[in-house]
Amino acid sequence: MRHVDATIQRMGVLQIDSVNVLTRSQFLPLFSRLGNYDQSLLARAAGRRPRRVTEYWAHQAAFIPVGLHPLFRWRMESYRDEAWGRIQRAGSDHADVAEDVLAGVTELGPSSARQLTTELGHFPDVLREHWGWNWSVVKTACEFLFFTGQLCVAERNAQFERVFDLPERVLPPEVVAAPTPSPDEAMRELIRLASQAHGLATVKCLADYWRTKVATTRRAVRELVEEGTLEVVSVDGVEAYLNAGASVPRRVTARALLSPFDPLIWERNRTQWLFDFHYRIGIYTPAAERVHGYYVLPFLLDEALVGRVDLKADRRNGSLLVQSAWQEPGAPADTAAELADELRTMAHWLKLSRIVVAPRGDLATELDAALRHQVVEAAAHRR
């Protein structure tokens, strides 16, 4: 748990996403940084007392260290008037339902929207305003109360539904009792944390980390520069910022498969700028228009993004499916071998016994050969 907790503290945020073609996105950034860790540790940190992380709208829906919760109180307050259309209207058009939900959670304890719909005797009226989001009025009221900080998420259940409870029954007492920073104070601290997690970043990169407004972020950056927390640097003529306490290694040695929702590559323009790597996730693209596949993970080797693989976990057959594999121009000669090693680590982490490579992509044949070679070597070693 110590390594998981320390990694989350450094990153500040783990984006949550329901897509489970490989594994849910919140687990992958920790694997990229820690390797074969126990996924249940994250669920324990978020769902058991004393909680180390909690869920809120940070970048998107995300886990954040519990100590950061007060830094988002300004956002909770603003969401009373500025939340997404249907969410905001739940506080006005359906204020009575929101009151019933809050009273219901107070009495019942941790509850999902589905449970509350039944317990409160509401008809599951569906609001059909967005594909895939056919939310009932009760569900929308729950989300309004969550957005505005009147409810917290106690856990995610087996159906991946939010289970809501009162903040004082979810958050540690010291977090509930913590003073509320002013919006300016909270913004400066959030941007400081973003710069610490990011390393090198432009104003737009820092704004994207917590999805704050660019103008507000720019003001916070200017104040952090004036106080010496951030340094102004220039990279290829682009003005950027570096945390004053950041260490700059002479060489980076690393190997990782990156989730499409990893903070390192969230801001696609930053990915292009720093790594010369044009990246788009395929899940939002019609099949006929996908270039590299559906759930495509960039492959980091040392200081460069050298390839990408379209991965799927075939849990029924115990297989990690490599549906396509591609290398970048100038990728080093050992890319296939290094990627094969990383895929084996991932398969072991996901408790999958085989890796199956489809013949698609300019790295697929070499990757398949590298995996087969490793199997032969392992068998020879056992003999």
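Residues numbered from 1 in each chain as written. Predicted model: local features only at pLDDT ≥ 70, side-chain atom pairs only at ≥ 80, totals over all residues. Heavy atoms only, no water.

**Q** Help me understand unusual backbone geometry in this model?
**A** Generally, phi is negative for residues other than glycine and the peptide bonds are trans, each holding for most cases. A cis amide bond, omega -10°, links Arg49 with the succeeding residue Pro50. Structurally, Pro50 is set in the loop between α3 (40-47) and β2 (53-57). Although it is not a glycine, Arg211 adopts a positive phi angle of roughly 55°. Checked against the element boundaries, Arg211 lands in the loop between α12 (203-210) and α13 (214-226). (Helix = DSSP H or I, 4+ residues; strand = E, 2+ residues; numbered from the N terminus.)

**Q** Explain the environment of Val238 to me, please; I cannot follow it from the model alone.
**A** Tracing the sequence through the fold places Val238 in strand β11 (residues 238-243). Through-space distance from the C-alpha of Val238 to that of Phe164 is 44 Å; in sequence the pair is 74 residues apart. For Val238, the contacting residues outside a window of four places in its chain are Thr202, Val233 and Trp273. (Contact = heavy atoms within 4.5 Å.)

**Q** What am I meant to see in the packing of helix α11 (residues 183-198) against α13 here?
**A** Relative orientation and spacing of two packed helices are given, respectively, by the angle between their axes and the distance between those axes. One way to put it is that α11 packs onto α13 with a least axis distance of 9 Å and a crossing angle of 75°. With respect to their mutual orientation, α11 and α13 come out roughly perpendicular. When α11 is examined against α13, the residues Asp184, Met187, Arg188, Ile191 and Arg192 are found in contact with a partner set consisting of Thr216, Thr217, Arg219, Ala220, Val221, Glu223 and Leu224. The residue makeup of the contact of α11 with α13, split by class, is 5 nonpolar, 2 polar and 5 charged. (Axes fitted to C-alpha atoms, helices over the stretch in contact; angles between N-to-C directions. Parallel < 35°, antiparallel > 145°, perpendicular 65-115°, else oblique. Nonpolar A, V, L, I, M, F, W, Y, C, P; charged D, E, K, R; others polar.)

**Q** What am I meant to see in the sheet that holds strand β14 (residues 304-314) here?
**A** Strands in a sheet are paired, the pairing made by backbone hydrogen bonds, and the direction either parallel or antiparallel. The strand order across the open sheet built from 5 strands is β12-β13-β14-β15-β16, with neighbouring strands paired in mixed fashion. Strands at the two margins of the open sheet, each flanked by one partner only, are β12 (255-257) and β16 (354-357). Across the sheet, the mean angle separating the axes of adjacent strands is 30° when strand polarity is ignored. Of the pairings in the sheet, the one linking strand β13 (residues 296-301) to β14 comprises 6 bridges and is antiparallel in character. Pairing of Leu301 across the sheet is with Ala304, part of β14. (Pairing = 2+ DSSP bridges.)

**Q** Any chance you could explain the pairing of β13 here in plain terms?
**A** Side-chain direction in a regular strand flips from residue to residue, so the side chains alternate between the two faces of the sheet. Counting buried positions over the 6 residues of β13 gives 6, a clear majority of the element. Going residue by residue along β13, you find Val296, Pro298 and Leu300 tucked away on one face and Leu297, Phe299 and Leu301 tucked away on the opposite face as well. Alignment of β12 against β13, held across 3 bridges, turns out to be antiparallel. Opposite Arg255, over in β13, you have Leu301 as the bridge partner. Here β13 folds back onto β14 in antiparallel fashion, the turn holding 2 residues, of which Asp302 has a positive phi close to 60°. (Buried < 20%, exposed > 50% of the residue type's maximum accessible area, 1.4 Å probe, protein only.)

**Q** What is the right way to read helix α1 (residues 2-11) from this model?
**A** Residues spaced three or four apart along an α-helix point in a common direction, a consequence of the helix completing one turn every 3.6 residues. Val4, Thr7, Ile8 and Met11 are the residues of α1 that are buried. Along the long axis of α1, the arc covered by the buried residues comes to 95°, so they all point the same way. Away from its buried face by more than 90 degrees, α1 exposes Arg2 and Arg10. Positive backbone phi, at 85°, marks Gly12, one or two positions downstream of α1. (Arc of directions from axis to C-beta.)

**Q** Mind showing me how you'd approach helix α14 (residues 268-275) here?
**A** Every buried residue belonging to α14 is among Arg268, Arg270, Thr271 and Phe275, and all of these are buried. Mapping the buried residues of α14 onto a view down its axis gives an arc of 155°, with all of them on the same face. Residues of α14 that are buried in the fold lie against α11, β9 (200-201), α12, β13 and β14.

**Q** Help me understand the confidence of the model for the protein chain in this model?
**A** Detailed reading of predicted coordinates is not advised where the pLDDT is low. Overall, the prediction assigns the protein chain a mean pLDDT of 91, with 93% of residues at 70 or greater. Note on residues 126-133: pLDDT is under 50 here. Beyond four places in sequence and across chains, it has 15 contacts. Contacts from residues 379-383, a stretch scored under 50 in pLDDT, to residues over four places away or in other chains number 0 contacts. (pLDDT = per-residue confidence, 0-100.)

**Q** Just to check I follow, could you spell out the nonpolar core for this structure?
**A** Nonpolar side chains tend toward joint burial in soluble globular proteins. Grouped together as the largest cluster of nonpolar side chains are 112 residues, with contacts concentrated most on Leu22, Phe72, Val101, Trp210, Tyr295 and Met346. When residues of this core are assigned to their parent elements, the largest contribution, 8 residues, is made by helix α8 (residues 137-147). Not counting the four nearest positions on each side in its chain, Met346 is found in contact with Leu22, Leu28, Phe31, Leu257, Leu297, Leu311 and Leu320. (Core = buried A, V, L, I, M, F, W, Y, C linked by side-chain atoms within 4.5 Å.)

**Q** What is the right way to read the sheet that holds strand β1 (residues 14-15) from this model?
**A** One open sheet accounts for 3 strands, arranged β1-β3-β2; its pairing is antiparallel. Every interior strand has two partners, whereas the edge strands, β1 and β2, have only one. Summarising the sheet, β1 and strand β3 (residues 61-65) pair through 2 bridges and their orientation is antiparallel. When the bridges of β3 are listed, Leu14 appears paired with Phe63. Docked against the sheet, α3 engages β1, β2 and β3, running at close to 80° with respect to β2.

**Q** Just to check I follow, could you spell out the packing of helix α6 (residues 95-108) against α8 for this structure?
**A** Where α6 contacts α8, the two axes come as close as 9 Å, and the packing angle between them is 75°. In terms of orientation, α6 and α8 fall into the roughly perpendicular class. Here Val97, Ala98, Val101 and Leu102 of α6 lie close against α8, whose contacting residues are Val137, Val138, Ala141, Cys142 and Leu145. Looking at the contact of α6 with α8, its residues break down into 9 nonpolar, no polar and no charged.

**Q** Can you walk me through the state of the cysteines in this structure?
**A** Each disulfide is one covalent bond, formed between the sulfur atoms of two cysteines. Overall, the coordinates contain 0 disulfides when judged by the stated rule. A disulfide-free cysteine, Cys142 has its sulfur positioned 13 Å from the sulfur of Cys152, the nearest such atom. (Disulfide = S-S within 2.5 Å.)

**Q** What's the story with the packing of aromatic side chains in this structure? I'm lost.
**A** For the structure on display, the rule yields 11 aromatic pairs. Their ring planes at 55° and their centres at 6.0 Å tell us that Tyr56 and Phe72 sit as a pair that is tilted. One end of the pair, Tyr56, is in strand β2; the other, Phe72, is in the loop between β3 and α4 (73-82), and 16 residues separate them in sequence. An identical accessibility class is assigned to Tyr56 and Phe72; each is buried. In this structure an aromatic cluster arises from ring pairing among Tyr56, Phe72, Phe146, Phe164, Tyr209, Trp210 and Trp266. Directly above the ring of Phe160 sits Arg156, whose terminal nitrogen or CZ lies 4.4 Å from the centroid. Note that Arg308 overlies the ring of Phe277, its terminal NZ or CZ placed 4.0 Å from the centroid. (Phe/Tyr/Trp six-rings, centres within 6.5 Å; stacked < 30°, edge-to-face > 60°. Lys NZ or Arg CZ within 6 Å of the ring centre and 35° of its normal.)

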